[in-house]
Amino acid sequence: MNELIQKAKSLLESDTVQVVIGYGKGSADKTRAIFLTKPEDCDQLLFDSRCVQNLAVYLTKHEIKHLGKPAIVAPIPVLRSILQLAVENQLKESDLVILGVSPESKLIEFDSFGAIELFLNAYKIQIDEKYKATIDKIKAMPVSERFAFWIKELEPCFKCYACRAACPLCYCPKCTVENNQPQWIPAASHLLGNLEWHVMRAMHLAGRCTDCEACYNACPMGIPIHLLTKSMLQDVEEHFGPYGPSVGKRNTLSSFNPDDKESFIR
Amino acid sequence: MTEFEPKIVAFVCNWCTYAGADLTGTSRIKYAQNVKIIRFPCTGRIDFMLLLKAFGEGADGIIVSGCHPNDCHYTSGNFHARRRWIMFRGLLDLLGIDVRRIQYSWVSAAEGAKWADVVNTTVTAIRELGPYTDYAKVANYLEKEANV
Ligand code: SF4
Ligand code: SF4
């Protein structure tokens, strides 16, 4: 941890970066995102198992960009998001300094997106067996029962959009849900609107989501929306091969192969 | 009791299926009247949200159709669309939205007879499945509550 603090200090002192995005103490025993602009504040940085928020979400936010060039504390899920943002041309290597944190809490510096990819090759996204089992269980239900199951699961959603705000890949300045000409999705918490919202959210993340679970962690109602994106990751793998961001490779749904196979088009 | 007449919405591309459906007409081929055709510039333009809107407005079945692979007027619109349909279908299936009610097809401008067949078989299949009450209940649940 000392390593990280020293590095952050020196980056701010030398004015290499103007802000350090990291984890600090939150309320009660929680941690929160902190934005440090002065070297003497860097002692507030901490890193432990409670630091699950995906900080990459701040890299595309106006308020943060406004502060200047950032250095960002980046455990594996954050590294994946950074790489995905790079693939989507949302970040340049010169835009930021990455303070990678290995699973052993060691500081790793990356000088290129390629280096991140190389490192992540040893940490491929893997869907937990327990989630796979849940998804299989849902898929085994008769169609009406499955529909009823999801309508009930999605009913508590009150459209706070915390899931969207927490997702590093939901960076559009204007989201389809805010569009009211036409009103694609009813703004009220309505059974049909909730369903439409979650279909839209999942579809817009199809082939992009890096399975960080920030959306699920942010949801105040504990709605298992991560099951949707996890299931879509499985679908990507089944139909289009291994998933995960890769420099120079386009997103699943921004590319195609003339030989893509399906079995349902007549 | 009168027989259930399925309401079908067809989202088709301008260059192939729409022209194909036109040929069905000019060839005087008779086919089921249950379908409302909506013309798009390309299958790549058929936003998945439109399919949800069709179900939300009371469609019992949907047809999505465009140019055969390699025949797209814009070269690759249908290839992109195909990938999106594969992902969309998987998501709908997980959510319990009845994917049997959505028929995808490639119908070229020369395939007037195939269009008639796609519509007829879809109508038959949806007639067997019955009205899409599961979705209608969710779409109209506020009205239902107001009526009791
Ligand atoms: S897991 Fe959720 S927050 Fe993370 S990338 Fe996927 S959709 Fe976004
Ligand atoms: S965070 Fe939860 S309640 Fe809020 S919009 Fe997302 S799913 Fe709905």
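Residues numbered from 1 in each chain as written. Chains lettered and ligands numbered in written order. Predicted model: local features only at pLDDT ≥ 70, side-chain atom pairs only at ≥ 80, totals over all residues. Heavy atoms only, no water.

(A) Local environment of the overall build of chain A. Looking only at helices and strands, chain A features ten helices and five strands. Here the C-alpha radius of gyration of chain A, 20 Å, is about what a compact globule of 266 residues would show, namely 18 Å. Oriented by its inertia axes, the alpha-carbon framework of chain A measures out at about 60 × 40 × 40 Å. For chain A, buried positions account for 51% of its 266 residues. Considering only residue pairs separated by 6 or more positions, chain A has 65% of its internal contacts joining residues 24 or more positions apart. Total accessible area on chain A stands at roughly 12,900 Å², and carbon and sulfur atoms take up 51% of it. (Helix = DSSP H or I, 4+ residues; strand = E, 2+ residues; numbered from the N terminus. Rg over C-alpha atoms; globule rule 2.2 N^0.38 Å. Buried < 20%, exposed > 50% of the residue type's maximum accessible area, 1.4 Å probe, protein only. Contact = heavy atoms within 4.5 Å. Areas by Shrake-Rupley, 256 points an atom, 1.4 Å probe, with all protein chains shown as cover.)

(B) Structural view of the sheet that holds strand β4 (residues 102-106) of chain B. Residues and elements named next belong to chain B. Taking strand neighbours across the sheet as the criterion, the four strands line up as β2-β1-β3-β4 in an open arrangement whose pairing is parallel. Looking at strand neighbours, the two that pair on one side only are β2 (35-40) and β4, the edges of this open sheet. For this sheet, the mean angle separating the axes of adjacent strands, direction not counted, is 20 degrees. Note that strand β1 (residues 8-13) and strand β3 (residues 61-66) share five bridges and pair parallel. Opposite Ala10, over in β3, you have Ile63 as the bridge partner. Where helix α2 (residues 48-56) meets the sheet, its contacts fall on β1, β2, β3 and β4, and the angle it forms with β3 comes to roughly 150 degrees. Where helix α3 (residues 77-95) meets the sheet, its contacts fall on β3 and β4, and the angle it forms with β4 comes to roughly 160 degrees. (Pairing = 2+ DSSP bridges. Axes fitted to C-alpha atoms, helices over the stretch in contact; angles between N-to-C directions.)

(C) A look at the site of ligand 2. Residues and elements named next belong to chain A. Residues in close proximity to ligand 2 total 13 residues, the closest being Cys157, Cys160, Tyr161, Cys163 and Cys219. Of all the elements in the fold, those that place two or more residues in the shell around ligand 2 are α7 (162-166) and α8 (191-205). Classifying every residue of the shell around ligand 2 by side-chain character gives eleven nonpolar, one polar and one charged. (Near = heavy atom within 4 Å. Nonpolar A, V, L, I, M, F, W, Y, C, P; charged D, E, K, R; others polar.)

(D) Broad picture of the site of ligand 1. All names here are of chain A. Around ligand 1 sit Cys167, Leu169, Arg201, Leu205, Cys209, Thr210, Asp211, Cys212, Glu213, Ala214, Cys215 and Thr229, and that is every residue in its neighbourhood. Counting only elements with at least two residues in the shell around ligand 1, the list comes to α8 and α9 (214-218). Class assignment for the residues of the shell around ligand 1 results in seven nonpolar, two polar and three charged.

(E) Representation of the pattern of salt bridges within the structure. A full pass over the atoms with the stated rule returns 16 salt bridges over all chains. Among the salt bridges present, the one from Glu5(B) reaches Arg127(B), with a minimum N-O distance of 3.4 Å. Highlighted residues: Glu5(B) in the segment before β1 and Arg127(B) in helix α4 (residues 112-129), separated in sequence by 122 residues. Its relative accessible area of 46% is what places Glu5(B) among the partly exposed residues. Note on Arg127(B): relative accessible area 27%, which makes it partly exposed. Salt bridges sharing common partners tie together Asp211(A), Glu213(A) and Lys230(A). (Salt bridge = Lys/Arg side-chain N within 4 Å of Asp/Glu carboxyl O.)

(F) Quick peek at the state of the cysteines. Residue and element names in this part refer to chain B. Tallying each qualifying case throughout the model produces one disulfide over all chains. Residue pairing for Cys16: its cysteine sulfur links by disulfide to Cys67, the two sulfurs lying 2.3 Å apart. Measuring handedness by torsion sign, the sulfur bridge of Cys16 and Cys67 sits at about 100 degrees and is right-handed. With a gap of 51 residues between them, Cys16 in the loop between β1 and α1 (17-26) and Cys67 in the loop between β3 and α3 connect regions that are remote in the sequence. Comparing Cys16 with Cys67, the two get one shared label, buried. (Disulfide = S-S within 2.5 Å.)

(G) Seen up close, the interface of chain B and chain A. Counting residues at the interface gives 40 residues for chain B and 46 residues for chain A. A buried area of about 4,200 Å², summed over both sides, lies between chain B and chain A, and 71% of it is on carbon and sulfur atoms. It is Arg83(B), Met87(B) and Leu94(B) in chain B that bury the most area against chain A; as a group they hold 21% of the surface buried on that side. Counting every contact that joins chain B to chain A gives four salt bridges. For Arg146(A), the salt bridge identified is with Asp93(B), shortest N-O distance 3.0 Å. Run the count over chain B and chain A and you get 17 residue pairs in polar contact (both at pLDDT 80 or more). Listed by contribution, the elements that provide at least two residues to the side of chain B that touches chain A are α2, α3, β4, α4, α5 (133-139) and α6 (141-147) of chain B. A per-element tally of the side of chain B that touches chain A places α3(B) first, with 15 residues. When its residues are assigned to classes, the side of chain B that touches chain A shows 21 nonpolar, eight polar and eleven charged. (Buried area = accessible area lost by both parts, 1.4 Å probe. Polar contact = N/O pair within 3.5 Å; in protein donor to acceptor, adjacent residues only side chain to side chain.)

(H) Quick look at the domain arrangement of chain A. All names here are of chain A. Here chain A is described as being made up of domain 1 (2-120) and domain 2 (129-254). Between domain 1 and domain 2, the C-alpha centre-to-centre distance is 26 Å. With 18 residues of domain 1 at the contact, the number on the domain 2 side is 16 residues. Surface buried jointly by domain 1 and domain 2 totals about 1,400 Å² across both partners, of which 57% is contributed by carbon and sulfur atoms. Three residues stand out in domain 1 for area buried against domain 2, namely Gln84, Val87 and Glu88, and they jointly supply 33% of the buried area on that side. Between the two partners, domain 1 and domain 2, sit one salt bridge. With a shortest N-O distance of 2.8 Å, Arg208 and Glu88 are connected by a salt bridge. At the boundary of domain 1 with domain 2, the tally comes to seven residue pairs in polar contact (both at pLDDT 80 or more). (Domains from an automatic or database assignment.)

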